[in-house]
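# Close look at the chain arrangement
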Amino acid sequence: MEKAIEVLIDSVGDADLKNIGTKILIGERVTFDEGVLLFEKASLPYVGALANYVREKKHGDLTYFNRNFHIEPTNICVFSCKFCSYSQLYAHREAGWELSINDMLNIVKKYDGQPVTEVHIVGGVHPKMNLDFFLKLVKQIREHRPDLHIKGFTPVELDYMFRKAKLTTEEGMKKIHDAGLMSLPGGGAEIFHPDIRSQICDDKVNAEGWLHIHRVAHNLGMHSNATMLYGHIEKYWHRVDHMERLRQLQDETGGFNTFIPLKFRNSDNDMSHIAESTITEDMRMYAIARLYMDNFPHLKAYWPMLGRQNAQLTLSYGVNDMDGTIDDSTKIYSMAGSEEQNPAMTTAELVTLIKQVNRQPVERDTLYNVIKKYDAEEAPAFNPILN
Ligand code: V47
Ligand code: SF4
């Protein structure tokens with residue numbers, strides 16, 4: 001493997017790209033300028049092979065997924081992100097939904113006796129759903145199902161709740177953590193740089209606020225994920241700037257589990273005139289993320305947004321995590337035009353998808369503890385490559 005990568009690096013004409021390849025081979029960090037150069041000049045086969053090398057060095061063929069379900073408390077939102085196909089302003093709330101604590105507990109109860117390990121709770125920012133409401137929700141979920149890992153709320157939601165409750169981030173985060181919130185998902189990050197943020201999501205928490213909330217969570221011993229919404233009006237250097245800020249926080253706290261690039265989908269939002277990125281560009285994005293985010297243990301492809309086949313393809317471009325079974329009717333993605341109108345995959349389907357490309361499926365919990373490794377001899381139910 002190492003020899004093949006050396007041959008590949010040798011074959012590259014561009015001296016700067018050759019140098020970056022050598023650095024990656026010996027485990028040296030890619031700089032900001034080198035990150036931009038990779039986006040500007042490197043071919044998909046080049047970054048793809050390097051990213052696959054890094055992925056296999058970190059994880060071999062292991063490819064993680066979990067059994068989770070999503071709850072979206074509301075799609076009513078005080079903010080107005082231009083890329084969002086999902087929210088309804090409070091003034092138009094008759095066109096939206098708002099779940100009560102009981103409604104959400106009933107969703108949790110649907111999974112009684114089933115081996116799900118995580119509930120993921122994210123929604124719009126409803127002016128009447130305050131910190132007390134969510135403290136109650138989290139406590140009641142924990143009481144009902146103490147074995148379920150509660151991962152929820154982006155800094156956009158938390159910042160609004162804490163400010164309304166007149167609490168500092170430290171105070172607010174401690175309260176919700178004590179109530180039972182265990183991890184934060186990666187949403188709300190979009191693109192951190194103010195030149196882009198001011199154009200696509202001007203009114204919600206800024207980069208510093210987003211990073212501070214994750215820092216405070218990490219300092220309390222919680223883990224979290226980070227996303228980047230790419231493929232719209234940002235330039236390559238904005239992507240690198242975004243990844244750089246995350247990489248620096250990770251150096252400081254070590255609290256991030258996973259980086260999740262999210263492909264911008266253009267259906268039915270205020271940015272519908274912008275063409276979506278090509279699959280080649282998507283794969284380059286994943287590969288460069290694997291190369292740049294050297295201190296993030298995992299790189300995740302969120303299959304409801306990419307579609308199953310493309311998510312499967314990312315497993316050759318640095319990705320080692322396929323998220324989960326997501327058994328629900330998650331609307332945030334289907335409304336933005338993703339292939340998956342009602343995303344849900346059974347464990348057998350996820351295992352098959354991973355095995356079809358000769359990787360080893362591993363069911364994990366939220367913190368990447370192994371629940372089950374699927375052996376090679378457990379053949380997938382259907383393998384079009386072999387059939
Ligand atoms: O922050 C909204 C994105 C995010 C669009 O941590 C869009 O495990 C593309 O962060 N096109 C929320 N993306 C979802 C999220 C997430 C999802 C799954 C797993 C995890 C995790 C986190 O969805 C938002 C925004 O960046 N989003 N609209 C759109 N049109
Ligand atoms: Fe609200 Fe989130 Fe949509 Fe922005 S992306 S409008 S914060 S639901």
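Because the structure is predicted, anything quoted here is derived from the model rather than measured.

## Concerning the packing of aromatic side chains
This model, assessed by the stated rule, comprises 12 aromatic pairs. Centroid distance Tyr 64 to Tyr 368: 5.5 Å. Interplanar angle 80 degrees. Geometry classified as edge-to-face. With Tyr 64 in strand 1 (residues 62–66) and Tyr 368 in the loop between strand 10 (360–364) and strand 11 (370–373), this residue pair connects regions lying 304 residues apart in the sequence. Residue Tyr 368 is classed as buried on the basis of its relative accessible area, which comes to 11%. Ring centres of Phe 259 and Phe 296 lie 6.1 Å apart, and the angle between their planes is 75 degrees; this geometry places the pair in the edge-to-face category. Highlighted residues: Phe 259 in strand 7 (residues 256–263) and Phe 296 in the loop between helix 12 (279–292) and strand 8 (298–299), separated in sequence by 37 residues.

## Details of the pattern of salt bridges
In the structure shown here, the tally under the stated rule is 25 salt bridges. Linking Arg 359 and Asp 61 is a salt bridge whose minimum nitrogen-to-oxygen distance equals 2.7 Å. Here Arg 359 is found in the loop between helix 16 (347–355) and strand 10, whereas its partner Asp 61 is found in the loop between helix 4 (44–59) and strand 1, with 298 residues between them in sequence. The class of Arg 359 is buried, set by a relative accessible area of 9%.

## Some details on the site of ligand 2
Residues in contact with ligand 2, as listed here, are Cys 77, Phe 79, Cys 81, Phe 83, Cys 84, Tyr 86, Ser 87, Gly 124, Val 156 and Lys 204. Looking at the shell around ligand 2 residue by residue, the class counts come to 7 nonpolar, 2 polar and 1 charged.

## Considerations on the environment of Leu 105
For Leu 105, the position within the fold is in helix 5 (residues 101–109). Judged by its relative accessible area of 7%, Leu 105 is buried. For the pair formed by Leu 105 and Ala 348, sequence separation is 243 residues and the distance between their alpha carbons is 27 Å. With residues up to four places along the chain from it excluded, the contact list for Leu 105 reads Gln 140 and Ile 141.

## A word on the nonpolar core
If you look at soluble globular proteins, the nonpolar side chains tend to sit buried side by side. Membership of the largest hydrophobic core comes to 75 residues, with the highest contact counts inside it found for Leu 38, Met 243, Leu 246 and Phe 259. Both domains that furnish three or more residues to this core are identified here as domain 1 (2–58) and domain 2 (63–373). Residues in contact with Met 243, not counting those within four places in the same chain, are Phe 39, Met 228, Phe 259, Met 285, Ile 288, Ala 289, Tyr 292 and Met 293. Ile 150, Phe 162, Leu 184 and Val 216 belong to the second-largest nonpolar core, a separate cluster that totals 33 residues.

## Describing the packing of helix 8 (residues 169–179) against helix 10 (residues 207–219)
Across the interface, helix 8 lies against helix 10 with an axial gap of 10 Å and an inter-helix angle of 50 degrees. With respect to helix 10, the element helix 8 is oriented oblique. Once helix 8 is placed against helix 10, the crossing between them reads as right-handed. Across the interface between the two elements, Thr 169, Glu 170 and Met 173 of helix 8 pack against His 212, Ile 213, Val 216 and Ala 217 of helix 10.

## Topic: empty space enclosed by the protein
Going through the model one piece at a time under the given rule, you end up with 4 cavities of 30 Å³ or more. Computed from the structure, the second largest cavity encloses a volume of approximately 60 Å³. In terms of residue count, strand 6 (residues 223–230) provides more of the lining of the second largest cavity than any other element does, 3 residues in total. Of the residues contributing to the lining of the second largest cavity, the split by class is 2 nonpolar, 7 polar and 4 charged.

## So, the packing of helix 5 against helix 6 (residues 131–144)
Between helix 5 and helix 6, whose axes approach to 10 Å, the crossing angle comes to 25 degrees. Overall, the two elements helix 5 and helix 6 adopt an arrangement that is roughly parallel. Helix-helix and strand crossings are classified by hand; for helix 5 and helix 6 the assignment is right-handed. Note on element contacts: helix 6 touches helix 5 through Phe 133, Lys 136, Leu 137, Gln 140, Ile 141 and His 144, opposite Ile 101, Met 104, Leu 105, Val 108 and Lys 109. Counted by class, the contact of helix 5 with helix 6 contains 7 nonpolar, 2 polar and 2 charged residues.

## Some points on the environment of Ala 275
Relative to the assigned elements, Ala 275 resides in the loop between strand 7 and helix 12. Classification of Ala 275 as exposed rests on a relative accessible area of 62%. Sequence separation of Ala 275 and Leu 211 is 64 residues, and the distance between their C-alpha atoms is 29 Å. For Ala 275, the contacting residues outside a window of four places in its chain are Gly 231 and Asn 266.

## Points about the site of ligand 1
Close to ligand 1 lie 23 residues, the nearest being Lys 151, Gly 186, Gly 188, Glu 190 and Lys 300. Lys 151 is positioned such that a nitrogen or oxygen atom in its side chain is 2.8 Å from an oxygen atom of ligand 1. Note that an oxygen atom of ligand 1 is positioned 2.7 Å from one of the backbone N or O atoms of Gly 188. Contact with the protein chains removes 97% of the 620 Å² of surface that ligand 1 exposes when unbound. Residue assignment for the shell around ligand 1 shows that the elements contributing at least two residues are strand 6 and strand 7.

Rules used throughout
- Residues numbered from 1 in each chain as written.
- Chains lettered and ligands numbered in written order.
- Predicted model: local features only at pLDDT ≥ 70, side-chain atom pairs only at ≥ 80, totals over all residues.
- Heavy atoms only, no water.
- Phe/Tyr/Trp six-rings, centres within 6.5 Å; stacked < 30°, edge-to-face > 60°.
- Helix = DSSP H or I, 4+ residues; strand = E, 2+ residues; numbered from the N terminus.
- Buried < 20%, exposed > 50% of the residue type's maximum accessible area, 1.4 Å probe, protein only.
- Salt bridge = Lys/Arg side-chain N within 4 Å of Asp/Glu carboxyl O.
- Near = heavy atom within 4 Å.
- Nonpolar A, V, L, I, M, F, W, Y, C, P; charged D, E, K, R; others polar.
- Contact = heavy atoms within 4.5 Å.
- Core = buried A, V, L, I, M, F, W, Y, C linked by side-chain atoms within 4.5 Å.
- Domains from an automatic or database assignment.
- Axes fitted to C-alpha atoms, helices over the stretch in contact; angles between N-to-C directions.
- Parallel < 35°, antiparallel > 145°, perpendicular 65-115°, else oblique.
- Left-handed = near helix turned anticlockwise from the far one by under 90°.
- 1 Å grid on protein atoms, 1.4 Å probe; cavity = no way out; pocket = protein on both sides within 12 Å on 5 of 7 lines; lining within 4 Å.
- Points joined across faces, edges and corners; volume = space filled by probe spheres on them.
- Polar contact = N/O pair within 3.5 Å; in protein donor to acceptor, adjacent residues only side chain to side chain.
- Areas by Shrake-Rupley, 256 points an atom, 1.4 Å probe, with all protein chains shown as cover.

That's the geometry; what it means functionally is another story.
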